[in-house]
Amino acid sequence: MAQIAMQEETTTEADPAVAEIAWDLGDLYAAVDDPQIAQDLDTAAARAAAFDAHYRGRLAAGEMDGNELHAAVLELEVISELLTRVLSYAHLLFAADTITPAHGALLSACQERLTAINKHLLFFDLEWAARDEADASALLADPAIAPYRHHLRKARADAPYRLSEPEELLLDEKSNTGNRAFARLFDEILADARFTVTSDGSRRELSEEEVLARLHSPDRTTRKAAAAGLTAGLVERRRPLTFIFNTLVLDHGVDCRLRRYPDVMTPRHLANETDGPAVEALLSACEAGLPTVARYYRLKRRLLGLDELFDYDRYAPLAETSDVIPWPRAQELVLGAYRRFSLRMATIAAQFFAHRWIDAATRPGKRGGAFCASTVPSAHPYVLLNYQGRPRDVQTLAHELGHGVHQYLARDRGLFASDTPLTTAETASVFGEMLVFQSLKEEIADPAQRLTLLCAKIEDSFATVFRQAIMSRFEQSLHKARAEEGELTADRIGELWLAANRPMFGDALTLTDDYRHWWMYIPHFIHSPFYTYAYSFGELLVLALYEKYRAEGDTFVPAYLDLLAAGGSAPPAELLARMGIEITADDFWQGGLAVLTRMVDEAESLAETAGVATPANSGRG
Ligand SMILES: [Zn+2]
């Protein structure tokens, strides 16, 4: 998973050490024209055709026992591993250098080949999902399929809601001109949009990413101008955007009705291996924690020396840091923090540097942001960064290496059982960031600098926990209103958006009337309904794990590493229960929320110590 928020690129002095940091993809293939690539694709195609000839219809006819089912899934996994290796390589080559035509050509050739090969394999999932519950349970109970039991059970999770094969094919084909077309139109409208920002007498036409980045400016006039520009640009496009929202919310509702899902959130819960009551408990706990947010923003108001905070002040930084952290220092910071936690974890992470599994340099044609790609269990993960030496970049390195360690440890489970659902996918990454954050904080002696670091961490956590929970609440109200009231106007959606957002800040921050339009650019609502609560889930889970580590010390470490090594081999609740964490307990989420409250306590007392939070301190205006 990439970072939730892509960081805006800014031009800083090149760090000579990081300019050299490019990955070596040789553990996948030697080069873009390595003949092994075509050979692997041919092997996969031949094995897929043989699979089709041998197995089609047999599962449906009830002719397979546990041993045969195991053999079939094993073969599917081998074929998938070949395809994933080629596709991972093509993706990584392209991500690091999108300009070289051979990279794009390899990627699209691989994708076409993959579609053709998949035609031989899709029947198996459909036949498996179509088996009746009693038959499937009997097969699942067979000890022979134990390594794939969870994988097979997950593959049936939405079985009760599948339509017949001709209906599924029809829906799939029509959605290219239906929901997928509207989602693409949304992307195109926002990609093409230019937002006019007027400040200091100059007018600039900015992209969405550029205008959003300006909301993080230390200069209030810049932030205010960016907010006005974003609002005006959204208002200008409100008719098509409102229509797209109405259409896609209705489409989701119709889909859920046709498939007889009990609730519009059910498909997401099934994919996340959770359920409605568990998610409701999470969202309610987040709502109960909102006074902590208001308390923090009252402090921030004082720290910035402002009489009133508005929505465009929300991301104002407390201090500008111009210190560049050189790449070798970042490596040392992250490995040091990892080592203090676990030598084994640091040893795994050190391999990423030693064997060139990281591409950290910024260069033209390289994609932005950061990610960790698991590739295949027979190789190892690769990390992509755009390292520019800011403190945030060090956190990003810690984050992606967390993913790297997680994926590396889970390799032994094989391709099908190593991947986790969304809700736990960020466990090791956020935990890794927490380790580095704590180490950095302990190193800084100056209370004002400590406070800046702490506030940045608090704001990141708030954005992940509370803002995402609020987005889920907004989406619930949006889907409900669309079902009950019919087509919604932009104003009506704006009311729902403000109603969901207002409780977050209490009286600490004023949402201007402009803010009512800011639901329009958020892609999750369009591309993946009810996606956002997984972020709240993941962050609070990690904070609770971190609490447990603080309480238990080194005895926590082996259980934690076992959790990571289990990958996606069992449902998250079961894996966590093995280490004594009852995620379904009523008060479970309180643990993570208490950590956030303590961080705000600490910020308040640091502000006292540093003497920066007095009304006399007039900050930037
Ligand atoms: Zn991540």
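For the structure itself, consult the block above.
Here's a quick rundown of the structure. (Residues numbered from 1 in each chain as written. Predicted model: local features only at pLDDT ≥ 70, side-chain atom pairs only at ≥ 80, totals over all residues. Heavy atoms only, no water.)

## Remarks on the overall build of the protein chain
And step 1. Of regular secondary structure, the protein chain possesses 28 helices and five strands.
And step 2. Dimensions of the protein chain along its principal axes, counting C-alpha atoms only, are 80 × 60 × 50 Å.
And step 3. Within the protein chain, buried positions represent 51% of all 621 residues.
And step 4. The contacts in the protein chain between residues at least 6 apart in sequence include a share of 77% that link residues at least 24 apart.
And step 5. Of the roughly 27,200 Å² of accessible surface on the protein chain, 53% is carried by carbon and sulfur atoms. (Helix = DSSP H or I, 4+ residues; strand = E, 2+ residues; numbered from the N terminus. Buried < 20%, exposed > 50% of the residue type's maximum accessible area, 1.4 Å probe, protein only. Contact = heavy atoms within 4.5 Å. Areas by Shrake-Rupley, 256 points an atom, 1.4 Å probe, with all protein chains shown as cover.)

## Examining helix α16 (residues 327-341)
And step 1. If you check α16, its first and last C-alpha atoms are 22 Å apart, about what 15 residues at 1.5 Å a residue would give, namely 21 Å.
And step 2. Along α16, the positions that sit buried rather than exposed are Trp327, Ala330, Leu333, Val334, Leu335, Gly336, Ala337, Tyr338 and Phe341. (Expected span 1.5 Å × (residues − 1).)

## What about the coordination of the zinc ion?
And step 1. Distances from the zinc ion to its protein donors, His399 (NE2), His403 (NE2), Glu426 (OE) and Glu426 (OE), fall at 2.1 to 2.8 Å.
And step 2. The coordination sphere of the zinc ion comprises four donor atoms, whose angles at the metal cover 51 to 139°; the geometry is irregular.
And step 3. Donor residues binding the zinc ion come from one chain and are separated in sequence as H-x3-H-x22-E. On the criterion of sequence distance, the pair formed by His399 in helix α18 (residues 391-410) and Glu426 in the loop between α20 (422-425) and α21 (427-443) is long-range, its members being 27 residues apart.
And step 4. On the accessibility criterion, His399 (4% relative accessible area) is buried.
And step 5. Residue classification places Glu426 among the buried positions, given a relative accessible area of 12%. (Donors = N, O, S within 2.8 Å, 3.2 Å for Na, K, Ca; no water. Tetrahedral: all angles 85-135°; square planar, octahedral: opposite > 155°, others 65-115°.)

## Focus: empty space enclosed by the protein
And step 1. Per the stated rule, a full pass over the model turns up four cavities of 30 Å³ or more.
And step 2. Counted as a void, the second largest cavity has a volume near 100 Å³.
And step 3. Lining the second largest cavity are 13 residues, with Thr424, Thr427, Leu563, Gly567 and Leu575 sitting closest to its centre.
And step 4. Where the lining of the second largest cavity is concerned, the elements lending two or more residues are α26 (556-565) and α27 (572-577). (1 Å grid on protein atoms, 1.4 Å probe; cavity = no way out; pocket = protein on both sides within 12 Å on 5 of 7 lines; lining within 4 Å. Points joined across faces, edges and corners; volume = space filled by probe spheres on them.)

## So, the nonpolar core
And step 1. Core analysis: the biggest nonpolar cluster contains 195 residues, and Phe124, Ile358, Phe431, Phe466, Leu545 and Tyr560 have the highest contact counts within it.
And step 2. Sorting elements by how many residues they give to this core places helix α3 (residues 66-96) first, with 15 residues.
And step 3. Residues within four places of Leu545 in sequence aside, it is in contact with Thr427, Phe431, Phe556, Tyr560, Leu563, Leu576, Met579 and Ile581. (Core = buried A, V, L, I, M, F, W, Y, C linked by side-chain atoms within 4.5 Å.)

## Focus on the packing of aromatic side chains
And step 1. Taken as a whole and judged by the stated rule, the model has 40 aromatic pairs.
And step 2. On the numbers, 5.2 Å between centres and 55° between planes, the contact of Phe474 with Phe525 is tilted. Placement of the pair is Phe474 in helix α22 (residues 447-485) and Phe525 in helix α24 (residues 523-527), with a sequence separation of 51 residues. For the residue pair Phe474 and Phe525, the accessibility class agrees, reading buried in each case.
And step 3. Each member of the aromatic cluster is reached from another via a ring pair, and the members are Phe186, Phe245, Phe474, Trp497, Tyr515, Trp518, Trp519 and Phe525.
And step 4. The aromatic ring of Trp128 is capped on one face by Arg156, whose charged end is 5.5 Å from the ring centroid.
And step 5. The ring of Phe195 carries Arg237 above its face, with NZ or CZ at 5.8 Å from the centroid. (Phe/Tyr/Trp six-rings, centres within 6.5 Å; stacked < 30°, edge-to-face > 60°. Lys NZ or Arg CZ within 6 Å of the ring centre and 35° of its normal.)

## Regarding the sheet that holds strand β3 (residues 358-359)
Hydrogen bonding along the main chain pairs the strands of a sheet, whether they run parallel or antiparallel.
And step 1. Taking strand neighbours across the sheet as the criterion, the three strands line up as β3-β5-β4 in an open arrangement whose pairing is mixed. Only two strands of the sheet have a single partner each, and these edge strands are β3 and β4 (371-373).
And step 2. Alignment of β4 against strand β5 (residues 382-384), held across three bridges, turns out to be antiparallel. Bridging across to β5, Phe371 finds its partner in Leu384. (Pairing = 2+ DSSP bridges.)

## Observations regarding the environment of Pro381
And step 1. Among the structural elements, Pro381 can be located in the loop between β4 and β5.
And step 2. Judged by relative accessible area, which is 1%, Pro381 ranks as buried.
And step 3. Linking Pro381 and Leu576, residues 195 residues apart in sequence, is a C-alpha distance of 24 Å.
And step 4. For Pro381, the contacting residues outside a window of four places in its chain are Phe352, Trp357, Cys372, Ala373, Ser374, Thr375, Gly404, Gln407 and Tyr408.

## Quick look at helix α2 (residues 35-55)
And step 1. Between the first and last C-alpha of α2 there are 30 Å, a value that for 21 residues agrees with the 30 Å anticipated at 1.5 Å per step.
And step 2. Among the residues of α2, those classed as buried are Ile37, Asp40, Leu41, Ala44, Ala48, Phe51, Asp52 and Tyr55. End-on, the buried residues of α2 take up no more than an arc of 105°, which puts them together on one face. Among the exposed residues of α2, those oriented more than 90 degrees off its buried face are Pro35 and Ala53. (Arc of directions from axis to C-beta.)

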